[in-house]
Amino acid sequence: LINNPSAMFLGIPGIGKSSATRRMLIGLAAMGSLPMVFGDLRPDYVDLGRQLGAQVVKLGHGHGSLNPLDATEAHEAAELLDGDARDAVLGDSLARRLTMVESLITIARRSPPTDREMNIVAAAIESFDRRGDRAPLLSDLLEMIRSAPPELRAAALDRGDSKRYGRITEELEASLMGLVGSGKFGRVFSRPTTEPLRRDRPAVFDVSSIPDTDASMQAAVLLACWSAGFGTINVANELAASGLEPQRNYCVVLDELHRGLRAGPGMVDRVDTLTRLNRKLGVGMIFVTHTMKD
């Protein structure tokens with residue numbers, strides 16, 4: 001009835017938001033849609049997902065990892081596409097990775113990076129893409145910033161002064177060190193992706209190992225799940241539009257939405273960017289949160 005339907009559940013904890021969502025997913029699955037739960041914190045959807053044949057990806061302390069710079073799927077799809085479709089896949093992938101790095105820095109700092117810092121990050125990611133080798137890690141991004149290649153110095157506007165470049169990148173370097181070290185973020189985001197999403201079956205990201213007391217980690221992992229999941233769906237739709245894969249319909253669930261929105265200054269805009277990048281036909285979305293204050 002609607003090409004890209006959406007719904008939002010609002011309600012205090014314990015009154016059945018997730019239960020109602022699960023019931024909707026069962027009906028949608030029966031009609032051919034693929035349920036995609038991008039972040040299950042309690043967990044509420046893992047058992048249902050398994051009964052529906054879902055791929056269950058476990059992330060968190062002592063479990064799997066998700067590389068926010070991994071664009072392997074998009075680059076493999078781009079090799080099969082040409083023209084506007086190829087540009088769309090690559091552009092979407094770049095935008096998602098930039099938004100994800102920006103979000104991680106914002107959560108770690110409790111303040112957003114500057115425009116100049118993000119220009120430097122963008123130049124680095126584009127440089128990695130031109131090389132076309134393995135998916136870079138955040139540690140590779142840190143090393144490239146430290147090595148100060150010409151394209152990054154140009155993005156930094158260091159005016160040919162290496163000391164000026166060092167001052168401009170010092171805070172960015174410090175933030176990335178916090179993301180790639182042995183701290184709580186590094187264990188999830190500093191290693192290669194352990195299990196890429198499949199496009200042909202339902203999926204649930206199980207992040208229930210992260211305790212409620214670690215709100216910043218919960219928010220970071222949820223945002224990473226949303227970014228990776230929407231990226232996979234975008235690739236699937238572009239391949240389908242070019243006749244390379246069958247057209248699939250997806251229903252995406254973003255539960256505990258408030259945890260991402262409250263993670264730091266400017267996170268509302270970043271969450272909006274991640275979801276707005278995926279206004280594709282055949283993709284339904286269900287947002288679940290507490291109150292309109294969120």
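To be clear, the structure that these remarks concern was listed above.
Just so we're clear, the structure is a prediction, and the values are computed from it rather than from any experiment. (Residues numbered from 1 in each chain as written. Predicted model: local features only at pLDDT ≥ 70, side-chain atom pairs only at ≥ 80, totals over all residues. Heavy atoms only, no water.)

1. Some words on the sheet that holds strand E6 (residues 283-289)
The following threshold applies: Pairing between two strands requires that DSSP report at least two bridges joining them. Labels follow the DSSP assignment, with helices taken as runs of H or I lasting at least four residues and strands as runs of E lasting at least two, numbered in each case from the N terminus. Here, axes are lines fitted to C-alpha atoms. For helices the fit covers the stretch in contact, and angles between N-to-C directions go from 0 to 180 degrees. Residue contacts are defined here by distance: any two heavy atoms, one from each residue, within 4.5 Å place the two residues in contact.
Strand order across the open sheet formed by 6 strands is E1-E6-E5-E2-E4-E3, with parallel pairing between neighbours. Two strands lie at the open edges of the sheet, namely strand E1 (6-10) and strand E3 (55-58), each paired on one side alone. Neighbour-to-neighbour, the strand axes of the sheet open up by a mean angle of 15°, direction not taken into account. Taken together, the 5 bridges between strand E5 (residues 250-254) and E6 define a ladder with parallel strand orientation. Residue pairing for E6: Val-253 is matched across the bridge by Ile-286. The strands touched by helix H10 (residues 215-241) within the sheet are strand E2 (34-40), strand E4 (203-206), E5 and E6, with E2 carrying the most contacts at an inclination of about 160°.

2. Description of the packing of aromatic side chains
Basically, it comes down to this: Any two of the Phe, Tyr and Trp rings considered here, Trp counted by its six-membered ring, make a pair once their centres fall within 6.5 Å; the pair's planes then place it as stacked at under 30 degrees, edge-to-face at over 60, or tilted in between. Relative accessibility under 20% of the residue-type maximum defines a buried residue, over 50% an exposed one, and the middle range a partly exposed one, all with a 1.4 Å probe and only protein chains included.
With the rule as written, the count across this model stands at 2 aromatic pairs. Taking 5.6 Å as the distance between ring centres and 85° as the angle between the ring planes, the aromatic pair formed by Phe-38 and Phe-230 counts as edge-to-face. Pair noted here: Phe-38 is in strand E2 and Phe-230 is in helix H10, with a separation of 192 residues, a long-range link. We note that Phe-38, like Phe-230, is buried. Put simply, the rings of Phe-38, Phe-205 and Phe-230 pair up and form one aromatic cluster.

3. A short note on the layout of surface pockets
In plain terms, the rule: The distinction between a cavity and a pocket rests on a 1 Å grid over the protein atoms alone: a 1.4 Å probe fits inside a cavity but cannot get out, while a pocket stays open yet meets protein on both sides within 12 Å along at least five of seven lines, and a residue with an atom within 4 Å of a point counts as lining. Grid points are joined across faces, edges and corners, and a volume is the space filled by probe spheres set on the points. Polarity classes work like this: nonpolar for Ala, Val, Leu, Ile, Met, Phe, Trp, Tyr, Cys and Pro, charged for Asp, Glu, Lys and Arg, and polar for all others, with Gly in that last group.
Taken as a whole, the largest pocket spans an internal volume of roughly 460 Å³. Lining the largest pocket we find 27 residues, and of these Asp-70, Ala-71, Glu-73, Ala-228 and Thr-232 sit closest to its centre. No other element matches H10, which puts 7 residues into the lining of the largest pocket. Counted by class, the lining of the largest pocket contains 12 nonpolar, 8 polar and 7 charged residues. Approximately 390 Å³ is the volume attributed to the second largest pocket. In this structure, the second largest pocket is lined by 19 residues; those nearest its centre are Ile-2, Pro-5, Leu-28, Ser-33 and Gly-284. Looking at the lining of the second largest pocket, the elements that each hand over two or more residues are E1, helix H1 (17-30), E5 and E6. By residue class, the composition of the lining of the second largest pocket is 11 nonpolar, 7 polar and 1 charged.

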